[in-house]
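# Notes for the structure review
Chain residues, written in single-letter form:
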Amino acid sequence: SKYFRDLVRDYPRSNLVDKAVFGLAMCLEQDGSLDEALKELKKISTTDMEFKMEVAQAQANIFLKKEDIDGALNSYRSLISVSDKKTKEATYLKIADIYRSRLNFDAAIESYKNAIANSNEPASIHLLIAETLQEQGKFNPAIDEYLKIAKDYPNDQANVVKAYLRAAEILEEKEDWVRAQ
């Protein structure tokens, strides 16, 4: 971390300062200095969207290590208003993953729907919604969501096949042999 601190101190106007601060923050995180790492990440003022996403991801990971779910979610939410569609989609998916891992399925599904609104390939996200409904034991809505993929995205063959197979599995488990065909 000394190397990164020296770079920031000695070259404060360099276009690489944000990268050096990021490197310093990652070193601090590895050393277990999570609060100090977050403090350093907040100093980064890049306009590069990919790097902003990387910084937000790093912040969220640190907040998750600290078991600060709200901090992690806020890190991602801060990106949404300034992001392009691709970054918004990725951000909403990250938010949904956090909610889903915490068993907050309704919030996860809402985030997945927001991701769909920003996606060029929404079928795979519909699969995530269906899987989440299935996890909740909401089998009929899950089947409907799986079948919606086949209806709305017939050219996405890989996801259509997955959707049919998963819907059939649920129907077989329910011993609904007629609909499973």
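This write-up is about the structure you can find in this document. (Residues numbered from 1 in each chain as written. Predicted model: local features only at pLDDT ≥ 70, side-chain atom pairs only at ≥ 80, totals over all residues. Heavy atoms only, no water.)

### Quick word on helix 9 (residues 139–152)
A rise of 1.5 Å per residue sets the reference length of helix 9, with its 14 residues, at 20 Å; its end C-alpha atoms lie 20 Å apart and thus fit the reference within 8%. Among the residues making up helix 9, those that are buried are Ala142, Ile143, Glu145, Tyr146, Ile149 and Ala150. Down the axis of helix 9, the sector holding all buried residues measures 160°, keeping them to one side. (Helix = DSSP H or I, 4+ residues; strand = E, 2+ residues; numbered from the N terminus. Expected span 1.5 Å × (residues − 1). Buried < 20%, exposed > 50% of the residue type's maximum accessible area, 1.4 Å probe, protein only. Arc of directions from axis to C-beta.)

### Examining the side chain of Thr132
Along the chain, Thr132 turns up in helix 8 (residues 123–135). Looking at Thr132, the relative accessible area reads 0%, which means it is buried. If we skip the residues at most four places from it in the chain, Thr132 touches Arg100, Phe105, Ile109 and Tyr112. (Contact = heavy atoms within 4.5 Å.)

### Some details on helix 6 (residues 85–101)
Spanning 17 residues, helix 6 covers 24 Å between terminal C-alpha atoms, matching the ideal 24 Å at 1.5 Å per step. When helix 6 is considered as a whole, its buried residues turn out to be Thr87, Glu89, Thr91, Tyr92, Ile95, Ala96, Ile98, Tyr99 and Arg100. The inward-facing, buried residues of helix 6 abut helix 4 (49–65), helix 5 (69–80), helix 7 (105–117) and helix 8. Note on helix 6: the residue one or two positions beyond its end, Leu103, has a positive phi of about 65°.

### Quick notes on the packing of helix 2 (residues 17–30) against helix 3 (residues 34–41)
Across the interface, helix 2 lies against helix 3 with an axial gap of 8 Å and an inter-helix angle of 170°. Between helix 2 and helix 3, the crossing angle belongs to the class labelled roughly antiparallel. Contacts between helix 2 and helix 3 pair Val21, Phe22, Leu24, Ala25, Met26, Leu28 and Glu29 from the former with Leu34, Glu36, Ala37, Glu40 and Leu41 from the latter. Counted by class, the contact of helix 2 with helix 3 contains nine nonpolar, no polar and three charged residues. (Axes fitted to C-alpha atoms, helices over the stretch in contact; angles between N-to-C directions. Parallel < 35°, antiparallel > 145°, perpendicular 65-115°, else oblique. Nonpolar A, V, L, I, M, F, W, Y, C, P; charged D, E, K, R; others polar.)

### So, the nonpolar core
The biggest cluster of nonpolar side chains holds 48 residues, and the ones touching the most others in it are Phe22, Leu41, Ile44 and Tyr146. Not counting residues up to four positions away in its chain, the partners in contact with Tyr146 are Leu127, Ala130, Glu131, Gln134, Ala163, Arg166, Ala167 and Ile170. (Core = buried A, V, L, I, M, F, W, Y, C linked by side-chain atoms within 4.5 Å.)

### Things to note about the environment of Glu89
Mapping Glu89 onto the fold places it in helix 6. Residues Glu89 and Asn120 lie 31 residues apart in sequence; the distance between their C-alpha atoms is 9.2 Å. When residues no more than four places from it in sequence are discounted, the contact partners of Glu89 are Ala115, Asn118, Ser119, Asn120 and Ile125.

### Some thoughts on the packing of helix 7 against helix 8
At a closest axis distance of 9 Å, the pairing of helix 7 and helix 8 adopts a crossing angle of 170°. The orientation of helix 7 relative to helix 8 falls into the category roughly antiparallel. Taking contact as the criterion, the partners of Phe105, Ile109, Tyr112, Lys113, Ala115 and Ile116 in helix 7 are, on helix 8, Ile125, His126, Leu128, Ile129, Thr132, Leu133 and Glu135. Its residues placed into classes, the contact of helix 7 with helix 8 shows nine nonpolar, two polar and two charged.

### Brief notes about the pattern of salt bridges
A complete count under the given rule lists 12 salt bridges for this structure. Across the salt bridge formed by Glu131 and Arg166, the nearest N and O atoms sit 2.3 Å from each other. Placement of the pair is Glu131 in helix 8 and Arg166 in helix 10 (residues 157–173), with a sequence separation of 35 residues. For Arg166, a relative accessible area of 25% puts it in the partly exposed group. Through salt bridges with shared partners, a single network forms among Lys2, Asp6, Arg9 and Asp10. (Salt bridge = Lys/Arg side-chain N within 4 Å of Asp/Glu carboxyl O.)

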